[in-house]
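A closer look at the structure
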Amino acid sequence: MDVVVAGQGYVGLPLAVRAAEVGHHVVGYDVDPDRIKRLTAGDSYVEDVASSRLRAVLDSGSYSATADAAAVAGFDIAVITVPTPLRDGVPDLSYIRSCARTLGTHLRPGATVVLESTTYPGTTEELLLPILEETSGLEGGVDFLAGFSPERIAPGNARWSFEGTPKVVSGIDAKSLSVIKGFYDSIFQTTVPVSGPKVAEMAKLIENVYRFVNISLVNELATLAAPLGVPIWEAIDAAATKPFGFMRFTPGPGVGGHCLPVDPLFLSWKVREDLGVPFRFVELADDVNRRMPDYVVGRLVQALAERHMPVKGARILLLGLTYKYNASDLRNSPSARVAELLVSLGADVRGADPNIPAGEDTPLNVSRVEASAEEVAAADAVVLLMDHTRFDLPMVEKHASYVLDCRNRLSGPNIETL
Ligand code: SAJ
């Protein structure tokens, strides 16, 4: 099929390249000219898409990248994979709107549009469809087809490949579902058809609300277990030996990323907006998770006080600045709030993260250092925020005078865990 994938980020690029590899003719459309320049040069900026794969589909002519909206004309199926961020707690669907208008102007009878961007239930039928109809003059379900299919990208997940992860698919009507399922059947090993877009939109949110709430549960447990004198990590590991009815989550300094702290709040916003009531689990989970950086700093101030050391002027080394294990992504990373609080308390804060390229500027107001024995030994306190494999943890144990270990990886007389 002639495919357009609108948005060539960590969701759109893997889909576009995979679709090209299985034989579709794919145009990767993105409004960012720098991205198009890199893609056209065969330089992938998405960790799960090797540049060699990108070059192969470019060379075969089955994939091309463009920022020119006119180049999307003539598509059989267009997939929207643009960001859906929160702006001050309110869903920002402006990228979906502008993309829908662009696709609508080139929509031909018989074509199909699929939304993949994570959003609240109702977006496909109440927001996307009307824009496509207004800009094309065509009627959804009659002249063109539409549906929703959530992304399940798990960056760096070695266990589940892109095409091996089951894909939920939906359509605004039976014909739409049939065509959309057929398209994804050509790419994914398993597709899961559901009765309509709202089911698919909600399924995705359930997946991430589930994680968000369960992570906040163990986070709150950690803040209660410490004063109760219960080693929470050991207790969780013991609970995790239950072979059924339990999934292990672990406490941390907070919940970062572009999925978990965002997607659940789309649902709680929609519930308040439409029903005028709170979605209490999500709002509570958000409150607990947001307070974890503050809890970490509180523990650190307490530990320094026990060592007769004011936090003002104390030299603090933060290890692990990105939001996820072995990932280079800083978005919504809890380290930013930890650093901000410590700087506001007058501490001398340094940060080390081998996953962030040396020259890359970080939004954190910390000076970037190497995780060297000298830096560890010179710190009045070390905070292990993210236990990347590239850290030499035995070295940290050996040289640190005190560590607040937020990932339960270290042991020794000067180590405290969250
Ligand atoms: N976190 C904890 N404790 C846990 C698990 C995670 O504190 O037990 C923290 C992490 O440190 C991180 C944040 O939560 O700061 C999010 O972690 P995550 O493992 O959920 O990673 P994400 O944000 O990349 O989530 C994505 C999601 N994928 C999609 O939305 C398609 C999520 O549904 C996946 O399960 C997850 O990737 C994954 O498993 O890789």
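Residues numbered from 1 in each chain as written. Predicted model: local features only at pLDDT ≥ 70, side-chain atom pairs only at ≥ 80, totals over all residues. Heavy atoms only, no water.

**Here's the deal with the site of the ligand**
Inclusion rule: Only a single heavy atom is needed: when it lies within 4 Å of a molecule or strand, its residue is near that molecule or strand. Whenever a nitrogen or oxygen atom comes within 3.5 Å of another N or O atom, the pair is scored as a polar contact, on the condition that within protein one atom can donate a hydrogen and the other can accept it, and that pairs from neighbouring residues in sequence are kept only if both atoms are in side chains. For this scheme, ten residues count as nonpolar: Ala, Val, Leu, Ile, Met, Phe, Trp, Tyr, Cys and Pro. Four count as charged, namely Asp, Glu, Lys and Arg, and the remainder, Gly too, count as polar.
Close contacts around the ligand come from 19 residues, with K204, N208, T250, Y323 and K324 the closest. One nitrogen or oxygen atom from the side chain of K204 is found 2.8 Å from an oxygen atom belonging to the ligand. A distance of 2.6 Å separates an oxygen atom of the ligand from a polar atom in the backbone of Y323. Of the residues assigned to the shell around the ligand, the class counts are 9 nonpolar, 4 polar and 6 charged.

**Quick word on the layout of surface pockets**
Which entries qualify depends on this criterion: Points on a 1 Å grid, built from protein atoms alone, make a cavity when a 1.4 Å probe fits but cannot get out and make a pocket when they are open with protein on both sides within 12 Å along at least 5 of 7 lines; residues with an atom within 4 Å of a point are the lining residues. Grid points are joined across faces, edges and corners, and a volume is the space filled by probe spheres set on the points.
Approximately 220 Å³ is the volume found for the second largest pocket. Lining the second largest pocket are 14 residues, with D353, P354, V369, E370 and A371 sitting closest to its centre.

**Let's talk about the sheet that holds strand 7 (residues 112–115)**
As a reminder of what qualifies: At least two DSSP bridges between two strands are required for those strands to pair. Where helices and strands are cited, they refer to DSSP runs of H or I of at least four residues and of E of at least two residues respectively, numbered from the N terminus. Helix axes are fitted only over the stretch in contact, all axes being lines through C-alpha atoms; the angle between N-to-C directions runs from 0 to 180 degrees. It only takes one pair of heavy atoms within 4.5 Å for two residues to be counted as in contact.
What the 6 strands build is an open sheet, ordered 3-2-1-4-7-8; its pairing is parallel. For this open sheet the edge positions go to strand 3 (63–66) and strand 8 (145–148), each flanked by a neighbour on one side alone. Averaged over all adjacent pairs, the angle separating strand axes in this sheet is 15°, with direction ignored. Across 4 bridges, the pairing between strand 2 (residues 25–29) and strand 3 is parallel. Bridging from a neighbouring strand, Y29 pairs with T66 of strand 3. Seen against the sheet, helix 2 (residues 33–40) touches strand 2 and strand 3 and runs at an angle of roughly 155° to strand 3.

**What about the pattern of salt bridges?**
In plain terms, the rule: Salt bridges are defined by distance alone: a side-chain nitrogen of Lys or Arg within 4 Å of a carboxyl oxygen of Asp or Glu. The buried label applies to any residue whose accessible area, calculated with a 1.4 Å probe on protein chains only, is under 20% of its type's maximum; exposed applies above 50%, and partly exposed to all values in between.
Under the definition given, this model contains 26 salt bridges. The closest approach of N and O atoms between R248 and D237, which form a salt bridge, is 2.8 Å. Of this pair, R248 sits in the loop between helix 8 (232–239) and helix 9 (263–275) while D237 sits in helix 8, and the two are 11 residues apart along the sequence. Residue R248 is classed as partly exposed on the basis of its relative accessible area of 42%. The partner of R291 in a salt bridge is D287, and the shortest N-O contact between them spans 3.0 Å. In this pair, R291 and D287 are both assigned in helix 10 (residues 280–306), 4 residues apart and thus about one turn of the helix distant. Among the residues examined, R291 registers a relative accessible area of 51% and is labelled exposed. Assessed through its relative accessible area of 34%, D287 is described here as partly exposed. One network of salt bridges, in which partners are shared, links R18, E21, R53 and E163.

**A few points about the nonpolar core**
The cut-off we apply is this: As used here, the term nonpolar core means buried Ala, Val, Leu, Ile, Met, Phe, Trp, Tyr and Cys residues forming a set that is joined through side-chain atoms within 4.5 Å.
With 53 residues, the main nonpolar core has V4, F75, I80, L103, L107, V113 and L132 as its most contacted residues. In terms of residue count, helix 7 (residues 197–228) provides more of this core than any other element does, 9 residues in total. Beyond its immediate chain neighbours, meaning those up to four positions away, L103 contacts V4, V72, F75, A78, I80, V113 and L132. Counting 29 residues, the second-largest nonpolar core is a separate cluster that includes A314, I316, L385 and L404.

**So, the sheet that holds strand 15 (residues 403–405)**
Two modes of strand pairing occur in sheets, parallel and antiparallel, and in both the strands are linked by backbone hydrogen bonds. Sheet architecture is open: 6 strands sit in the order 13-12-11-14-15-16, paired in parallel fashion. With partners counted over all chains shown, the strands left at the sheet margins are strand 13 (367–368) and strand 16 (415–417), one partner each. On top of the sheet, helix 11 (residues 334–344) reaches strand 11 (315–319) and strand 12 (348–352); it is set at about 180° to strand 11, its chief contact.

**Some words on the environment of G164**
Here G164 is to be found in the loop between strand 8 and strand 9 (167–169). Residue G164 is classed as buried on the basis of its relative accessible area, which comes to 11%. Remark: the alpha-carbon pair of G164 and I187, spanning 23 residues in sequence, is separated by 9.3 Å.

**Here's the deal with empty space enclosed by the protein**
According to the stated counting rule, one finds 1 cavity of 30 Å³ or more in the structure shown. In this structure, the largest cavity spans a volume of roughly 30 Å³. Residue lining of the largest cavity: P253, G320, L321, T322, S333, P334, S335, L385 and M386, and that is the complete set. When grouped by side-chain class, the residues that make up the lining of the largest cavity number 5 nonpolar, 4 polar and no charged.

**Re helix 2**
The distance from a side-chain oxygen at the start of helix 2 to the backbone nitrogen of D34 is 2.8 Å, and the residue carrying that oxygen is D32. Positive backbone phi, at 75°, marks G42, one or two positions downstream of helix 2.

**Details of the packing of helix 9 against helix 10**
Axis angle and axis distance: for two packed helices, these are the angle between their axes and the distance between the axes, and together they describe the pair. Convention followed: Here is the rule for angles: anything less than 35 degrees is roughly parallel, anything more than 145 is roughly antiparallel, 65 through 115 is roughly perpendicular, and the remaining ranges are oblique. Note on convention: the crossing is left-handed when the near helix lies turned anticlockwise from the far helix by less than a right angle, right-handed when the turn is clockwise.
Between helix 9 and helix 10, whose axes approach to 9 Å, the crossing angle comes to 130°. The orientation of helix 9 relative to helix 10 falls into the category oblique. Here helix 9 runs over helix 10; the crossing is left-handed. For the pair helix 9 and helix 10, the contacting residues are P264, L265, S268 and R272 in the first and V282, E283 and D286 in the second. A per-class count over the contact of helix 9 with helix 10 returns 3 nonpolar, 1 polar and 3 charged.

**Thoughts on a nonpolar patch on the surface**
Operational definition: Residues enter patches when they are more than 30% accessible in relative terms and free of salt bridges; like-charged ones are connected within 9 Å and nonpolar ones (Val, Leu, Ile, Met, Phe, Trp, Tyr) within 5 Å. For accessible areas, the Shrake-Rupley method is used with a probe of radius 1.4 Å. Any residue's cover is judged against the shown protein chains and nothing else.
Judged by side-chain polarity, L224, L228 and V230 come together as a nonpolar surface patch covering roughly 290 Å² of accessible area. Along the chain, L224 turns up in helix 7.

**Description of the packing of aromatic side chains**
This is how it is decided: Aromatic rings from Phe, Tyr and Trp, with only the six-membered ring used for Trp, were paired whenever their centres fell within 6.5 Å, and each pair was classed as stacked if the ring planes differed by under 30 degrees, edge-to-face if by over 60, and tilted otherwise. Whether a charge lies above a ring is judged from NZ of Lys or CZ of Arg, which has to be within 6 Å of the ring centre and within 35 degrees of the ring normal.
Applying the stated criterion to the full structure yields 5 aromatic pairs. Among the aromatic residues, those joined into a cluster by ring pairs are F162, F183, Y184 and F188. Across the ring face of Y184, the terminal group of K167 is positioned such that the distance to the ring centre comes to 4.4 Å.

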